[in-house]
Amino acid sequence: MGAGTDLGRVRGLGAAKEGVHHWWLQRVTAVANLALMLWFVASLARLPALDYASVTLWLRQPVAAVPMLLMVISVFWHMRLGVQVFIEDYLQGTRRMVAMLALNFYASAGAAAGMFAVLKIAFAAA
């Protein structure tokens, strides 16, 4: 009973039909990461100095804080998608479930910490 038969599909051996969506999200986040990283490097290169005062003053501007938030979200989302493929390919059963829970926690916590840091700087009193 292979993946191509009706019985195989009932048993969960058929295509999940999620592969194209996952593949597409990986490509979209990769392009977003590339664009946002280029913006980030160019923005830092235009600063007069890379000291704490210059960077925090720059990050307090909405034109810097919003793309930085988007970059944090995109980077952690892309990381999660990539590691998910590894987990699904190499782990089974309980180990897969535990690894996916840990991955989701790590990706969410990392993104939340990054967003918190950006927002804390952006909304700090001058």
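Residues numbered from 1 in each chain as written. Predicted model: local features only at pLDDT ≥ 70, side-chain atom pairs only at ≥ 80, totals over all residues. Heavy atoms only, no water.

Asker: Sorry, what's going on with the side chain of Thr56 here?
Answerer: Residue placement: Thr56 occurs in helix H3 (residues 52-59). A residue is classified by how much of its surface remains accessible, and Thr56, at 7% relative accessible area, is buried. Of note is the side chain of Thr56, whose polar atom sits 2.8 Å from the backbone oxygen of Tyr52. (Helix = DSSP H or I, 4+ residues; strand = E, 2+ residues; numbered from the N terminus. Buried < 20%, exposed > 50% of the residue type's maximum accessible area, 1.4 Å probe, protein only. Polar contact = N/O pair within 3.5 Å; in protein donor to acceptor, adjacent residues only side chain to side chain.)

Asker: Help me understand helix H2 (residues 19-46), please; the structure alone is not making it clear to me.
Answerer: An α-helix turns once every 3.6 residues. As a result, residues three or four positions apart point the same way. Relative to the 40 Å expected for 28 residues at 1.5 Å per residue, H2 spans 41 Å between its end C-alpha atoms, a close match to the ideal helical length. Those residues of H2 not exposed but buried are His22, Leu25, Gln26, Thr29, Asn33, Leu36 and Ser43. Tucked into the core, H2 has its buried residues touching H3 and helix H4 (62-90). (Expected span 1.5 Å × (residues − 1). Contact = heavy atoms within 4.5 Å.)

Asker: When you look at the packing of aromatic side chains in this model, what are you seeing that I'm missing?
Answerer: Aromatic ring pairs are defined here through the distance separating the ring centres and the angle between the ring planes. A complete count under the given rule lists five aromatic pairs for this structure. Three or more aromatic residues joined by ring pairs form one cluster here, namely Trp39, Phe40 and Trp58. (Phe/Tyr/Trp six-rings, centres within 6.5 Å; stacked < 30°, edge-to-face > 60°.)

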